[in-house]
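# Examination of the molecular architecture
Each chain is listed here by its residues.
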Amino acid sequence: MDSDGRYQQILEASKRHPIVEGHVFKYGTAGFRMKADLLEGVTFRVGLLSSIRSRKLNSQAIGVMITASHNPAADNGVKIVDPMGEMLEQEWESLATALVNATSHEQLVELYYKLAEMQKIDLKSPAKVIYGRDTRPSGHKLASALADALEATGTELVDYKILTTPQLHYLVRATNTEGLPSSYGVVSETGYYDKLAKAFVKAMRGKRISGQLVVDCANGVGGPKLHEFLKHLPKELGFDVKVVNDDVLRPEVLNLDCGADFVKTKQRAPPNPKPQTGVRTCSFDGDADRLIYYWIDPQSGFFMLDGDRISSLAASFLGDLVERAGLKDYIRIGVVQTAYANGASTHYITQHLKLDVICTPTGVKHLHHVAQTFDIGVYFEANGHGTVLFSPDAITAFKNTEPQSPAQKDALDTLSAFVALINQTVGDALSDMLMVEVILAHKNWTLRDWAMTYADLPNRLVRVEVGNKDLFETTDAERRLSKPYGAQDEIDSEVRKYKDARAFARASGTENACRVYAEAATRSEANELADRVARIIERHGTGV
Ligand SMILES: CC(=O)N[C@H]1[C@@H](OP(=O)(O)O)O[C@H](CO)[C@@H](O)[C@@H]1O
Ligand SMILES: [Mg+2]
């Protein structure tokens with residue numbers, strides 16, 4: 001205890017940022033996320049944990065992002081980023097939960113020292129934490145609480161102020177690889193824009209983007225950052241982008257009737273600005289890590305291209321490039337999805353593109369880890385969060401293969417450009433959007449061409465309120481319920497009644513409810529199946 005002589009200092013700092021009593025906090029899929037007025041003490045404690053984490057990992061920089069993404073403006077959240085820009089290692093999530101739930105200031109500081117001792121950490125060694133926040137007004141106060149914890153624990157800190165979530169992930173990795181052969185990029189926000197802009201120009205060489213792209217930024221941090229990025233592009237490129245819903249001065253409009261989550265869950269275009277028929281449009285979410293494309297077709301109306309579509313587009317394009325680069329026998333490409341991926345997309349990827357598909361539980365950390373096992377791992381959640389990962393072997397092959405023809409050289413160069421263009425740390429709406437634009441330009445495709453690749457199975461997602469969601473346990477990447485007893489048999493017998501049908505239920509990791517997903521050959525059957533399964537869940541969910 002007090003091995004660094006800072007006990008008193010940390011205790012005093014903690015007293016300035018008390019935890020709100022009567023709540024149990026849990027580090028979940030999105031870190032700690034809730035009403036912002038509950039978060040000051042939580043954020044202080046996350047500061048303590050991230051300093052320990054940095055010391056545990058040989059003083060590498062740890063990131064902390066303050067955001068509640070697509071949630072309402074009154075919410076906020078805080079999550080920890082590991083040194084290579086990945087999400088916090090899962091085993092440490094429970095340490096974060098333990099620290100945040102300490103009841104008194106004394107108990108907190110004692111636990112802090114105990115954790116350090118258990119992890120064999122020298123608290124006098126250097127530590128570094130870098131952090132940023134989205135545009136929520138509450139972010140400022142939370143960042144101060146974080147800084148207080150970092151100062152009290154003798155941790156070097158860098159406050160990057162307002163950033164998108166993926167920018168912070170970029171900066172963490174860039175900081176920890178600075179000056180190394182594996183350098184991820186210049187350690188600054190400008191470094192991030194420069195890297196993407198250069199890669200975009202390189203990947204676009206000789207190709208033209210046709211027509212205007214409208215980007216809805218959910219009135220979040222993506223707006224100002226996209227404006228900033230566009231300044232880094234050469235005019236000659238002729239990339240015509242119209243940024244809308246970029247009002248960050250009125251916090252109350254954040255994610256309000258706009259943004260990627262609105263489009264995906266409501267399955268329609270934001271009402272403002274008035275959608276224009278035939279225009280290629282995409283939406284970011286509130287912290288710019290999710291991306292959804294759509295357009296209004298003059299005949300058939302709204303059509304959405306979600307994470308599954310972005311994933312299959314990327315996989316198909318990269319598969320072709322690898323073949324043209326002569327690397328087909330050396331590079332293993334795989335696609336990672338969750339159970340929410342439309343069955344038609346899975347079918348298209350396995351049967352048409354002939355690529356492996358692996359299904360993981362919900363939450364991008366699960367997809368990310370599996371994607372890392374491929375040379376090119378494409379992963380997206382249906383909600384538009386995802387990216388593409390390249391293995392060190394793949395990157396070396398793109399660089400060092402001696403091309404035998406101009407076409408092969410072109411393919412190798414484009415692959416190398418993609419490595420830089422696509423954010424390797426986490427899903428990134430801006431980077432993913434540039435990737436989609438490049439692919440459409442190369443294929444000379446409109447959104448309608450893209451949509452024609454396969455037809456989605458009609459599907460429905462419903463939220464079911466239950467007495468106790470902890471009764472529901474799953475297996476087989478969340479596609480089957482192992483508990484409560486008998487529930488899965490009942491679901492199976494409903495599914496059997498429909499053609500091309502699939503349905504599953506699971507407890508949400510972010511809300512106090514269960515989710516039911518169903519798909520079937522027709523819309524009415526999908527709806528009916530979802531309702532029937534929802535009723536099964538309601539009935540089984542009333543137990544204590
Ligand atoms: C069906 C669905 O969209 N689920 C979302 C949602 O998780 P739930 O565990 O379903 O609440 O929030 C997660 C975090 O943002 C996201 O990763 C996931 O895709
Ligand atoms: Mg987000």
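Residues numbered from 1 in each chain as written. Chains lettered and ligands numbered in written order. Predicted model: local features only at pLDDT ≥ 70, side-chain atom pairs only at ≥ 80, totals over all residues. Heavy atoms only, no water.

Looking now at the packing of aromatic side chains. On inspection of all chains with the given rule, the structure shows 16 aromatic pairs. Between Phe390 and Phe398, the aromatic rings sit 5.9 Å apart at their centres with planes inclined by 80°, giving edge-to-face as the arrangement. When sorted by exposure, Phe390 lands in the same class as Phe398, which is buried. A connected cluster of aromatic rings, assembled from ring pairs, spans Tyr170, Tyr184, Tyr192 and Tyr193. Of note, Arg173 hangs over the ring of Tyr184, and the distance from its end group to the ring centre comes to 4.8 Å. Lying over the aromatic face of Tyr184, Lys195 brings its terminal NZ or CZ to 3.4 Å of the ring centre. (Phe/Tyr/Trp six-rings, centres within 6.5 Å; stacked < 30°, edge-to-face > 60°. Buried < 20%, exposed > 50% of the residue type's maximum accessible area, 1.4 Å probe, protein only. Lys NZ or Arg CZ within 6 Å of the ring centre and 35° of its normal.)

Attention now goes to the pattern of salt bridges. Scanning the entire structure with this criterion turns up 33 salt bridges. The shortest N-O distance in the salt bridge between Lys365 and Glu93 comes to 2.8 Å. Here Lys365 is found in helix 12 (residues 364–371), whereas its partner Glu93 is found in helix 3 (residues 90–100), with 272 residues between them in sequence. The exposure class of Lys365 is buried, given its relative accessible area of 13%. Lys499 is the salt-bridge partner of Asp500, the closest N and O atoms lying 3.3 Å from each other. (Salt bridge = Lys/Arg side-chain N within 4 Å of Asp/Glu carboxyl O. Helix = DSSP H or I, 4+ residues; strand = E, 2+ residues; numbered from the N terminus.)

As a structural note, the neighbourhood of ligand 1 is formed by Arg290, Tyr340, Thr362, Gly363, Glu381, Asn383, Arg506, Ser508, Gly509, Thr510 and Arg515. Arg290 places a side-chain nitrogen or oxygen 3.4 Å from an oxygen atom of ligand 1. A distance of 2.6 Å is found between an oxygen atom of ligand 1 and a side-chain nitrogen or oxygen belonging to Arg515. Protein chains bury 84% of the 430 Å² of accessible surface belonging to ligand 1 in isolation. Classifying every residue of the shell around ligand 1 by side-chain character gives 1 nonpolar, 6 polar and 4 charged. Lining the shell around ligand 1 are residues from two domains, each supplying at least three of them: domain 3 (307–451) and domain 4 (459–541). (Near = heavy atom within 4 Å. Polar contact = N/O pair within 3.5 Å; in protein donor to acceptor, adjacent residues only side chain to side chain. Areas by Shrake-Rupley, 256 points an atom, 1.4 Å probe, with all protein chains shown as cover. Nonpolar A, V, L, I, M, F, W, Y, C, P; charged D, E, K, R; others polar. Domains from an automatic or database assignment.)

This next bit is on the coordination of the magnesium ion (ligand 2). All of the protein donors around the magnesium ion (ligand 2) are Ser69 (OG), Asp285 (OD), Asp287 (OD) and Asp289 (OD); their distances to the metal are 2.0 to 2.2 Å. All donor residues of the magnesium ion (ligand 2) come from one chain, and their arrangement in sequence is S-x215-D-x1-D-x1-D. (Donors = N, O, S within 2.8 Å, 3.2 Å for Na, K, Ca; no water.)

A word on the UniProt feature "binding site: Mg(2+)" (unreviewed entry) in the protein chain. Listed under "binding site: Mg(2+)" (unreviewed entry) in the UniProt record, and renumbered for this structure, are Ser69, Asp285, Asp287 and Asp289. A maximum C-alpha distance of 8.2 Å is found for the annotated residues, which run over 221 residues; spatially they form one tight group. Structurally, Ser69 can be placed in the loop between strand 2 (61–66) and strand 3 (75–81). Those residues in contact with Ser69 that lie beyond four places of it in its chain are Arg33, Asp134, Arg136, Asn255, Asp285, Gly286, Asp287 and Asp289. Looking at where Asp289 falls in the secondary structure, it is placed in the loop between strand 8 (280–284) and strand 9 (291–297). For Asp289, the residues in contact, after removing those within four places along its chain, are Ser69, Lys79, Thr165, Pro166, Gly384, His385, Gly427, Asp428 and Ala429. (UniProt positions renumbered as here; feature names shortened; annotations may be inferred. Contact = heavy atoms within 4.5 Å.)

Attention shifts here to the state of the cysteines. A complete count under the given rule lists 0 disulfides for this structure. Counting only cysteine sulfurs, Cys217 is the nearest neighbor of Cys258, a cysteine outside any disulfide, at a range of 9.3 Å. (Disulfide = S-S within 2.5 Å.)

Our next topic: the pairing of strand 18 (residues 502–507). Bridge count between strand 18 and strand 19 (residues 514–519): 6 bridges; the pairing is antiparallel. Residue Arg502 lies in a different strand from strand 19, and its bridge partner there is Glu519. (Pairing = 2+ DSSP bridges.)

Among the 6 residues in strand 11 (residues 333–338), 6 count as buried, and that is most of the element. Sheet analysis places strand 11 next to strand 13 (residues 376–380), joined by 4 bridges and oriented parallel. Paired with Val335 across the strands is Val378, a residue of strand 13. Direction of pairing for strand 11 relative to strand 12 (residues 356–360): parallel, over a ladder of 5 bridges. Along strand 12, the bridge assignment pairs Gly334 with Asp356. The β-α-β motif built from strand 11, the intervening helix 11 (residues 343–352) and the parallel element strand 12 has right-handed crossover chirality. (Right-handed = clockwise from strand over helix to strand, strands pointing away.)

A separate point is the sheet that holds strand 19. Pairing is antiparallel across the open sheet formed by 3 strands, whose spatial order is 15-19-18. Lying at the two open borders of the sheet, with one neighbouring strand each, are strand 15 (459–464) and strand 18. Sheet twist, expressed as the average angle between the axes of neighbouring strands with direction ignored, equals 15°. (Axes fitted to C-alpha atoms, helices over the stretch in contact; angles between N-to-C directions.)

One finds Phe284 and Met433 to be the most contacted residues of the largest nonpolar core, which totals 85 residues. With 10 residues, helix 15 (residues 429–443) is the single largest residue contributor to this core. Setting aside its immediate chain neighbours within four residues, Met433 contacts Leu213, Val215, Leu226, Cys282, Phe284, Leu291 and Tyr293. Of all hydrophobic cores here, the second largest spans 47 residues; its members include Ile19, Ile66, Tyr112 and Val129. (Core = buried A, V, L, I, M, F, W, Y, C linked by side-chain atoms within 4.5 Å.)

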